[in-house]
Amino acid sequence: MDEKEVECLKQKSQSDLSTSIEECGNINWTTLSQWVQCICVVTFDLNLGQALEYVYPSEFKPTEQEITNICYLAFPDSNSGCMGDTKFHVRLRTSPDGNLCKRLLQFQVYNNDCPPILKADQSHYWGFVYFRQKRDLNLPRGYFQKSFIIITRLPFFNLFFELLNYLAPKYFNAGKSILEEACIQINSRWPSLQVGASLNLPLFENSYQILIPKASSRKAIAPSESLENFKMERAQVLHPMHNKIIASVNELDLFHSLGFIVDHMYTLWELVLTAEPIVVIGTSPADCSHMVQTLVAIIAPLEYCAEARPYFTIHDSEFKEFTRDRGKIPPHLILGVTNPFFVKLLKDWPHLLRLADNQVSLQKQQQLTAKNVLNSNSVTSIGIAGPLKTYNSNQNTTGSNGGESWIPGLYTKYKPFLKKDKSLIKKVMLGLKTKRPEHVQTALLRRHLLELTQSFMIPLERYMASLMPLQKDISPFKSAPNTNAFKLDDFLATLELSGPQLTSTLKGDWKGLYRRFYTSPNFRGWYDSRYTELQLTLQDLQLQALSEANLEQWARDKQEVEIIDMILKLKQKLNLYNDKLASETNSLCAKRHTHSAATTRDQIRAQIDCMKELLPQDLKNIVNI
């Protein structure tokens with residue numbers, strides 16, 4: 001392509017973009033809606049308080065209830081002195097929508113292929129907030145206060161914070177034209193949401209490179225040659241890019257939040273594993289949202305199936321539901337808050353995690369913690385936070401500055417089932433003393449927690465696999481058998497020979513922890529997912545047996561009505577299988593199954609033809625075969 005052609009394409013692209021902005025009402029936002037629902041701007045109105053100033057695209061304007069929640073979540077809930085720019089994320093429940101099923105169909109294939117922690121949320125939005133507050137004597141209140149918010153269904157924290165850091169300052173400088181142009185570029189230049197492929201996401205002069213991992217550990221496939229990739233390459237020719245590689249779309253810096261509380265990391269792991277109610281209270285929504293998301297991440301790859309609100313305010317529409325409707329029985333919920341009122345309101349909650357006031361004091365506390373741990377014979381202290389605190393419901397934890405009640409730490413009566421790994425904690429603390437980089441500390445913690453969760457889950461996975469019926473029990477002429485029931489006592493009996501002690505060095509009451517986990521939403525979510533997978537596997541095996549059976553011999557002593565019944569069953573299964581095959585054809589992760597699935601489908605068609613030949617012509621017409 002010579003210089004004249006490139007210049008011509010540039011001029012045409014700029015002309016197309018101008019036309020698109022002017023005629024935005026005619027745009028099909030299919031690609032944008034996969035990545036971003038909308039972008040909102042919330043400002044402070046002297047008469048109304050926090051109010052929605054602008055939303056784009058206007059077709060995706062949230063409902064009135066959603067707008068109310070977005071507006072309140074967009075600003076800090078208390079006078080925390082968040083001057084300058086503050087970045088955090090929120091999660092809010094979506095309102096009932098008659099078109100919801102239709103809109104979520106675009107995520108069906110993606111959700112089937114990606115890990116559970118990366119699924120598009122069916123019932124909630126994620127909001128990534130850039131809040132700016134600065135002195136402005138020209139305004140009635142003397143302050144400029146405004147938030148820029150990206151609303152999406154995807155928990156891609158690293159990607160959207162990158163976009164937020166780039167787009168929000170541009171918006172504050174140039175106005176809403178930047179917001180509109182960004183949406184149009186995402187819609188026209190970004191590829192569709194894909195799993196297992198390296199994706200380039202161009203935006204203005206930047207290009208973000210990401211890879212969304214598969215649910216399996218198989219090697220990711222290369223991007224397919226498609227019109228979308230051509231469109232993306234053409235956009236890079238027209239607009240030279242600064243490439244930014246995002247190593248992980250969702251993995252946060254664990255050490256940033258766990259550094260000051262690492263001594264109690266195993267207690268927190270058990271609390272999150274069993275979906276215990278936890279209140280995270282700090283002075284900044286950024287610290288609270290990061291800590292809540294860190295807690296959810298420490299049990300990866302297990303999906304956290306209870307509620308988690310990275311940042312929550314007293315104005316949220318679920319405020320009454322979460323804090324009062326249940327009386328003294330707290331819900332399965334992790335709540336991040338900054339308003340001290342919550343400490344008194346949630347006095348019946350069993351676990352409270354108090355954060356350090358700011359990053360400076362947090363760093364000092366981490367250094368002091370490292371010194372105390374390394375100079376002691378046993379790991380029992382947490383620097384100025386002291387040992388694990390017993391949380392008294394009558395205790396005032398919001399006293400004056402400098403008082404014991406303000407000390408950061410975990411307040412709980414919970415007694416862990418497992419003993420902590422002191423060597424790992426000392427290793428992390430030694431890294432603090434030697435100024436080991438935070439990303440290395442995070443990698444150390446992530447790997448250790450991943451291995452711990454896997455050690456806990458492997459016995460459950462092994463037992464679940466044993467519930468699969470035997471191959472000999474699968475008959476082509478009977479309905480597929482059901483998976484055997486999960487029995488807790490039978491599972492616990494397997495732990496002596498094949499329990500977590502085979503892969504984990506932690507000692508303690510593993511059986512007690514499994515019993516507690518068994519009653520939690522996390523177990524129910526995991527079990528339902530695995531049960532569904534086993535049932536689908538059984539259906540596939542039964543269908544395969546049916547496709548390979550000698551139906552002509554079976555039909556020799558059967559009456560015509562029985563043959564017709566078999567044909568109708570075959571056609572029903574074929575229709576279901578065609579739907580599944582179509583889904584797998586669109587799925588990058590499942591292309592390896594396409595050949596075998598197509599073979600089974602063709603065999604079923606052959607079986608139908610075989611049965612059809614055994615019927616007289618009038619019956620063929622009656623059953624519409």
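Basis of the calculations
- Residues numbered from 1 in each chain as written.
- Predicted model: local features only at pLDDT ≥ 70, side-chain atom pairs only at ≥ 80, totals over all residues.
- Heavy atoms only, no water.
- UniProt positions renumbered as here; feature names shortened; annotations may be inferred.
- Axes fitted to C-alpha atoms, helices over the stretch in contact; angles between N-to-C directions.
- Helix = DSSP H or I, 4+ residues; strand = E, 2+ residues; numbered from the N terminus.
- Parallel < 35°, antiparallel > 145°, perpendicular 65-115°, else oblique.
- Left-handed = near helix turned anticlockwise from the far one by under 90°.
- Contact = heavy atoms within 4.5 Å.
- Nonpolar A, V, L, I, M, F, W, Y, C, P; charged D, E, K, R; others polar.
- Pairing = 2+ DSSP bridges.
- Buried < 20%, exposed > 50% of the residue type's maximum accessible area, 1.4 Å probe, protein only.

Per an unreviewed UniProt entry, the protein chain is named UDENN domain-containing protein, and its organism is Glossina pallidipes. Annotation of the protein chain in UniProt includes, under Sequence similarities (unreviewed entry), the sentence "Belongs to the DENND6 family."

### Let's talk about the packing of helix α10 (residues 265–273) against helix α16 (residues 438–466)
Two numbers describe a pair of packed helices, the interaxial angle and the distance between the axes. As a packed pair, α10 and α16 sit with axes 12 Å apart at the nearest point and diverge in direction by 45°. Between α10 and α16, the angle falls in the class oblique. Taken as a pair, α10 and α16 cross one another with a handedness that is right-handed. Seen from α10, the contacting residues are Met 265, Tyr 266, Trp 269 and Leu 273; seen from α16, they are Leu 445, His 448, Leu 449, Leu 452, Thr 453 and Phe 456. Of the residues belonging to the contact of α10 with α16, the class tally is eight nonpolar, two polar and no charged.

### Structural notes on the sheet that holds strand β5 (residues 143–152)
If you trace the five strands from one edge of the open sheet to the other, you get β2-β1-β5-β4-β3, paired in antiparallel fashion. On the outer flanks of this sheet lie β2 (49–56) and β3 (84–93), each paired with one strand and no other. Averaged over all pairs of adjacent strands, the angle between their axes in this sheet comes to 25°, without regard to strand direction. Strand direction decides the pairing type here: strand β1 (residues 38–45) and β5, joined by six bridges, are antiparallel. Of the residues in β5, the one forming a bridge with Val 41 is Phe 148.

### Some words on the environment of Ala 74
Relative to the helices and strands, Ala 74 resides in the loop between α3 (64–73) and β3. Residue classification places Ala 74 among the buried residues on the basis of a relative accessible area of 0%. Placed 34 residues apart in sequence, Ala 74 and Cys 40 show a C-alpha to C-alpha distance of 9.8 Å. Non-local contacts of Ala 74, meaning those with residues more than four positions away in its chain, are made with Val 42, Phe 88, Val 129, Phe 131, Ser 147 and Ile 149.

### Describing the environment of Glu 64
Among the secondary structure elements, Glu 64 is positioned in helix α3. Residues Glu 64 and Ser 95 lie 31 residues apart in sequence; the distance between their C-alpha atoms is 9.0 Å.

### Side note on the sheet that holds strand β8 (residues 242–245)
Read from one edge to the other, the open sheet built from three strands follows the order β6-β7-β8, with strand pairing classed as mixed. Edge positions in the sheet fall to β6 (198–203) and β8, since each of these pairs with one other strand and no more. Neighbour-to-neighbour, the strand axes of this sheet turn through a mean angle of 25°, independent of strand direction. Pairing geometry for β6 and strand β7 (residues 206–211), over six bridges, is antiparallel. Across the sheet, Leu 199 pairs through a bridge with Ile 210, a residue of β7. Sitting on the sheet, helix α6 (residues 157–174) is in contact with β6, β7 and β8, with an inclination near 170° to β7.

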